[in-house]
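# Residue-level structure breakdown
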Amino acid sequence: MEPNGQALIDGFNRRIDYLRMSVTDRCDFRCVYCMAEDMQFLPRQQILSLEELYQVAERFVALGTRKIRLTGGEPLVRQGIVELCARIAALPGLRELCLTSNGSQLGRLAQPLFDAGVSRLNISLDSLDSARFRQLTRTGDLAQVIAGIDAARQAGFRRTKLNCVVLKGRNDDEIVDLVRFAIDRELDISFIEEMPLGVISEHQRGESYCSSDEVRELLAEHFTLIESAESSQGPARYWRLAEAPQTRVGFISPHSHNFCATCNRVRLTVEGRLLLCLGNEHSMDLKQVLRAHPGDSQRLENAIREAVHLKPYRHHFEVGGEVQILRFMNMTGG
């Protein structure tokens, strides 16, 4: 364990030991709650290089970060992602390197990722109906994603978690089927309340909002839910199922049960902004530090320490009304 002088502690005495890094804003899906249909992506020179991403990861681990999650967009469309994973996974002191994916590329990359040292996968899955899946993702192929989920298990991944964003009137009638799918494949599953990030025109967020309590009540009609104190170091609150104890069901509830008081994480956007809260714009431009002072790890470390003190206590998401945050989810990876 690093000495306390090395740990990252924010202004509210929260220990920051979890970094989420977006490695690309690009994605092969266009999910309705994440992106506009006609997205403009950043030019390559505006996004961090693989070496710059590694340098940030290395400094964070030196400062006590124990968990890193790589996100996108879709991280697996980034050239060189497997090599980056191998370098980060080898950092001394890092306990867990996780990756969030839409599953589309796992058929070919699950084994290389496992061999590179990725600890766990989260895979987005919002529907088990192929036509509906295509509608929600605009471009996704459900069979390809399920093949990717199966490839991950075959490669050796365990405790893989499905992430489902619940939209009322769109996929809330599939909640029980999704849990049964998770049980059959010995997966965990988390249900996520939609977050008001980015201006979308495809649906009204206030009308599609489905709270974690509603999802839990529906599941309680079919399963015996046992509250659990388990944590994956992230925002999910977990329950076990008496009927299938190997599967955990998580609820991520930024609206109805915000988890700000125990927030232990910061996010690096694809363009090198260190974002201190998903629901606020407090940030520090680490790309500017990396490019103005290449190889200066002390200066990078100082910028990280300074940034952590900007971390606000909480977000103020609202279910209806104006979008508070204009950036899309693909910039930060959730």
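Named according to an unreviewed UniProt entry, the protein is GTP 3',8-cyclase originating from Pseudomonas urmiensis. Under the UniProt heading Subunit (unreviewed entry), the note attached to the protein is "Monomer and homodimer."

### Thoughts on the overall build of the protein
Of regular secondary structure, the protein possesses 10 helices and 12 strands. Buried positions account for 58% of the 334 residues belonging to the protein. When the accessible surface of the protein is summed, it comes to about 13800 Å², and 49% of that surface belongs to carbon and sulfur atoms.

### Some words on the nonpolar core
Note on soluble globular proteins: their nonpolar side chains tend to be buried together. The biggest cluster of nonpolar side chains holds 92 residues, and the ones touching the most others in it are Ile68, Leu70, Ile88, Leu113, Phe191 and Leu219. For Ile68, the residues in contact, after removing those within four places along its chain, are Leu19, Met21, Ala57, Val61, Ile88, Leu94, Glu96, Leu97 and Cys98.

### Some remarks on the pattern of salt bridges
Scanning the entire structure with this criterion turns up 18 salt bridges. Of the charged contacts, one joins Arg240 and Glu230 as a salt bridge, the two residues approaching to 2.7 Å between their closest N and O atoms. Separated by 10 residues along the polypeptide, Arg240 in strand E8 (residues 237–241) and Glu230 in the loop between strand E7 (225–227) and E8 bring together distant segments of the chain. Given the relative accessible area of 29%, Glu230 is considered partly exposed. Glu230 is the partner of Arg248 in a salt bridge, and the nearest nitrogen-oxygen pair spans 3.7 Å. With Arg248 in strand E9 (residues 244–252) and Glu230 in the loop between E7 and E8, the pair connects residues that are 18 residues apart, well separated along the chain. What emerges from the salt-bridge pattern is a single network uniting Arg159, Asp188, Glu230, Arg240 and Arg248.

### Some thoughts on the sheet that holds strand E3 (residues 96–101)
What the 12 strands build is an open sheet, ordered E7-E8-E9-E6-E5-E4-E3-E2-E1-E10-E11-E12; its pairing is mixed. Unpaired on one side and paired on the other, E7 and strand E12 (283–285) mark the two borders of the sheet. If you compare each strand with its neighbour and ignore which way they point, the axes differ by 25 degrees on average. The pairing of E3 with strand E4 (residues 120–124) spans four bridges and is parallel. Residue pairing in the sheet places Cys98 in a bridge with Arg120 of E4. The strands touched by helix H1 (residues 50–62) are strand E1 (18–22), strand E2 (67–71), strand E10 (265–268) and strand E11 (273–275); relative to E1, the strand with the most contacts, the crossing angle is about 175 degrees.

### Some points on the packing of aromatic side chains
Within this structure, the stated rule accounts for two aromatic pairs. Ring centres of Phe114 and Phe157 lie 5.1 Å apart, and the angle between their planes is 80 degrees; this geometry places the pair in the edge-to-face category. Here Phe157 lies in the loop between helix H5 (142–155) and strand E5 (161–166) and Phe114 lies in helix H3 (residues 106–116), a separation of 43 residues in the sequence. Accessibility expressed as a relative area gives 3% for Phe157, which makes it buried. Of note, Lys67 hangs over the ring of Tyr18, and the distance from its end group to the ring centre comes to 4.6 Å. If you follow Arg248 out to its NZ or CZ, it ends over the ring of Tyr238, 4.1 Å from the centre.

### A look at the pairing of E9
Burial within E9 is extensive, with seven of its nine residues counted as buried. With five bridges joining them, E8 and E9 adopt antiparallel strand pairing. Residue pairing in the sheet places Leu241 in a bridge with Ala244 of E9. Once E8 ends, the chain turns through two residues before running back antiparallel as E9.

### Details of the UniProt feature "binding site: [4Fe-4S] cluster 2" (unreviewed entry) in the protein
The UniProt record annotates "binding site: [4Fe-4S] cluster 2" (unreviewed entry) at Cys260, Cys263 and Cys277. For the residues just named, distributed over 18 residues, the greatest C-alpha separation is only 9.1 Å, placing them together at one site. In this structure, Cys260 sits in the loop between E9 and E10. Judged by relative accessible area, Cys260 falls into the buried class, the value being 6%. Within the secondary structure layout, Cys277 lies in the loop between E11 and E12. The exposure class assigned to Cys277 is buried, which follows from its relative accessible area of 10%.

Rules used in this analysis
- Residues numbered from 1 in each chain as written.
- Predicted model: local features only at pLDDT ≥ 70, side-chain atom pairs only at ≥ 80, totals over all residues.
- Heavy atoms only, no water.
- UniProt positions renumbered as here; feature names shortened; annotations may be inferred.
- Helix = DSSP H or I, 4+ residues; strand = E, 2+ residues; numbered from the N terminus.
- Buried < 20%, exposed > 50% of the residue type's maximum accessible area, 1.4 Å probe, protein only.
- Areas by Shrake-Rupley, 256 points an atom, 1.4 Å probe, with all protein chains shown as cover.
- Core = buried A, V, L, I, M, F, W, Y, C linked by side-chain atoms within 4.5 Å.
- Contact = heavy atoms within 4.5 Å.
- Salt bridge = Lys/Arg side-chain N within 4 Å of Asp/Glu carboxyl O.
- Pairing = 2+ DSSP bridges.
- Axes fitted to C-alpha atoms, helices over the stretch in contact; angles between N-to-C directions.
- Phe/Tyr/Trp six-rings, centres within 6.5 Å; stacked < 30°, edge-to-face > 60°.
- Lys NZ or Arg CZ within 6 Å of the ring centre and 35° of its normal.

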